[in-house]
Amino acid sequence: MPADGPARVRFAPSPTGWLHIGGARAALYNFLVARQTGGQFILRIEDTDRKRFQPQAEQDFMDGLRWLGLEWDEGPDKGGPYGPYRQTERAHLYRQYAEQLVEQGHAYYCFCSPERLAKLREEQRRKKLPPRYDGHCRHIPPEEAKRRVEAGEPHVIRFKTPREGSITVHDLIRGDITVANKDIDDYILLKSDGLPTYHLAVVVDDHLMRITHVLRGAEWLGTFPLHGHLYRAFGWPEPVWVHLSTFLKPSGKGKISKRDADVFRKGHKSVLIRDLRAFGYLPEAVNNWMALMGWSYDDRTEFFTLDDLIAKFSLERLKPSPAAVNFKKLDHFQGLHVRALEPGDLARRLVPFFHRAGYPQVTAADLLPIVPLIQTRITTLDEAPQMAGFFFRPQVSPKPEELVPKGLTPAQALEVARRALAVLEALPDVRAETTEPPLRALVEELGLHARQVFGLIRVAVTGQRVSPPLFESMEILGRETVLQRMRQAVTLLETLAQQEAAA
RNA sequence: GCCCCCAUCGUCUAGGGGUUAGGACACGGGCCUUUCAAGCCCGCGGCCGGGGUUCGAAUCCCCGUGGGGGCACCA
């Protein structure tokens, strides 16, 4: 069931690192809700943490999102009616709302130093008590607090969490969550640098930006009750809340650490969108893969395009349980989407990978005839140059010993090569229909297996033991190149046979 | 230590009071075959444990256990 009415949703990352699949999947789901309801998808940069800020992160988010096809309607680069869309550019707003809460008795000024707080926590840890603010500044008379603030004394603003009772908040896929107020800290809303913490900023911005659905990571479940308190203190209507399941490492044991991420990258796998893109994964495959971690459509459908997802996604079918990432499954979807591409489309997408691999002159037109030969054989696009580079190299360098088929001596291999060369030289062209019958006849005549003869020609002509289909490959290479490479193979085998005889 | 969330094959999941518990990836075998793939067929493999409710529980409830998240002037 699509959410009713146009939804306003957002992806609100903190610019502290690269876009990864956790964030990208949240962005995807938000995007889907916006598109399927005819609403808006907003990109908001939550850059209030100046210590962890990384200047290149924002661009990485935008590049990654655009690559995935998740274009936003409002954001820092394109503006919109509820901007600005970077929290540091909205800084003036937050103090005003924090002070409103102070005036209404929902928050208070706190003058405790970080040192005092650290000491407090240390004591609590030693006594095995939950680390929480002790309320030291909670009862400072408002006039006195105000005086100290005006005198320039460093301070923060804390939420005055009720001491009694409990709060119940509602998550769409988890239902009601009730937490005792005594278990909720007096969280800091406004830091001493005047910038808001996440808790204040997210609530103020989501309200001001008219956000209707908040789909965010499950790591926010812990402070969800605080957010509920804030909405109620402000007297604002709450959005629909959905906390998305977390991703676990492939073993299913534990969350993915920085260290794990580095190990993945060594194995040509990654949780970073920029890496997946560089490795040659298709955005279609990445979206399909991410969508199905924590969501399903029915008991059998797994192949989804972005348009399919827009049509079929539903919040109700989200799963609350954590999901282990499965890179093998990503490869599976990659294969599916690579094969689903029009050859011309695949050819175009392959071009940059050939350029990067050292074939700067290759064009999509050059690639077009080759695509049918490799479309079922590649997983990531960066495998294509390795598999089909021999089409574009002026010459190949087969290993002489690889020219010798299993079960034959170098001398026998030489004879096979000479006979095959003679057959090819006698032919008017190297079209597959032209070359295959006489070469099969040769196999017959020599009393060998097809794999022995064709294997030799394959290595001779492609320089590789594993290659796209032989006859079609020769056709694309052309008669001159094929004959030249076969002659080279004969020469190589002559040398090898001589060495063998001498030994 | 405290709080919160979660729990179906190794993994992602469908189902949800009475099903031979379905699909996908992976894995094993076979077919096809000039290599490698792709494709097709077959197979392996699961309801965390214990109590309750019920004629009947994988499904509902409780308790364990396990996993995850949080307990910052980080998000």
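Below, the structure is looked at part by part. Everything numeric here is computed off the predicted structure, so don't read it as measured data.

1. Thoughts on the protein's contact with RNA strand B
Around RNA strand B, a shell composed of 66 residues is seen, among which Lys191, Lys255, Thr376, Arg377 and Arg458 lie nearest. In RNA strand B, atoms within 4 Å of the protein come from the sugar-phosphate backbone in 71% of cases. Within the backbone of Gly294, one N or O atom sits 2.6 Å away from a phosphate oxygen of RNA strand B. Broken down by secondary-structure element, the contributors of at least two residues to the surface near RNA strand B are helix H4 (114–126), strand S6 (175–180), strand S11 (323–324), helix H12 (327–340), helix H19 (450–462) and helix H20 (470–477). Across the surface near RNA strand B, the residue classes tally to 28 nonpolar, 13 polar and 25 charged.

2. As for unusual backbone geometry
Negative phi characterises most residues that are not glycine, and trans characterises most peptide bonds. Cis geometry marks the peptide bond from Gly83 to Pro84, where omega comes out at -5 degrees. Within the secondary structure layout, Pro84 lies in the loop between helix H2 (57–68) and helix H3 (91–103). For Lys128, which is not glycine, the phi torsion reads 55 degrees and is therefore positive. At His268, a position not held by glycine, the phi torsion is positive, near 65 degrees. By the element assignment, His268 lies in the loop between helix H8 (258–266) and helix H9 (273–279). According to the relative accessible area criterion, His268 is partly exposed, its value standing at 27%.

3. Description of the sheet that holds strand S3 (residues 107–110)
Sheet architecture is open: three strands sit in the order S3-S4-S7, paired in antiparallel fashion. Edge strands, defined here as strands with exactly one partner in the open sheet, are S3 and strand S7 (188–190). Pairwise comparison of adjacent strand axes, ignoring direction, gives a mean angle of 40 degrees for this sheet. The pairing of strand S4 (residues 156–159) with S7 spans two bridges and is classified as antiparallel.

4. Quick word on helix H1 (residues 21–37)
Compared with the 24 Å implied by 1.5 Å per residue over 17 residues, the 24 Å span of H1 between its first and last C-alpha is a close match. Among the 17 residues of H1, 15 are classified as buried, and the element is accordingly described as predominantly covered.

5. So, the pattern of salt bridges
For the structure on display, the rule yields 40 salt bridges. Between Arg300 and Asp299 there is a salt bridge, and its shortest N-O distance comes to 3.4 Å. On the basis of relative accessibility, which here comes to 64%, the residue Asp299 falls in the exposed class. Among the charged side chains, a salt-bridge network with shared partners connects Arg10, Arg44, Glu46, Arg90, Asp205 and Asp206.

6. With respect to H8
Turning to H8, its buried residues number three or more, namely Asp260, Ala261 and Phe264. Angular distribution of buried residues about the axis of H8 spans 100 degrees; they occupy a single face of the element. For H8, the exposed residues lying more than 90 degrees away from the buried face are Lys258, Arg259, Val263 and Lys266. For H8, the elements touching its buried residues are H12. Positive backbone phi, approximately 65 degrees, marks His268, located one or two places after H8.

Cut-offs used in this document
Residues numbered from 1 in each chain as written. Chains lettered and ligands numbered in written order. Predicted model: local features only at pLDDT ≥ 70, side-chain atom pairs only at ≥ 80, totals over all residues. Heavy atoms only, no water. Near = heavy atom within 4 Å. Polar contact = N/O pair within 3.5 Å; in protein donor to acceptor, adjacent residues only side chain to side chain. Helix = DSSP H or I, 4+ residues; strand = E, 2+ residues; numbered from the N terminus. Nonpolar A, V, L, I, M, F, W, Y, C, P; charged D, E, K, R; others polar. Buried < 20%, exposed > 50% of the residue type's maximum accessible area, 1.4 Å probe, protein only. Pairing = 2+ DSSP bridges. Axes fitted to C-alpha atoms, helices over the stretch in contact; angles between N-to-C directions. Expected span 1.5 Å × (residues − 1). Salt bridge = Lys/Arg side-chain N within 4 Å of Asp/Glu carboxyl O. Arc of directions from axis to C-beta. Contact = heavy atoms within 4.5 Å.

Function-wise, these values are silent; they only describe arrangement.
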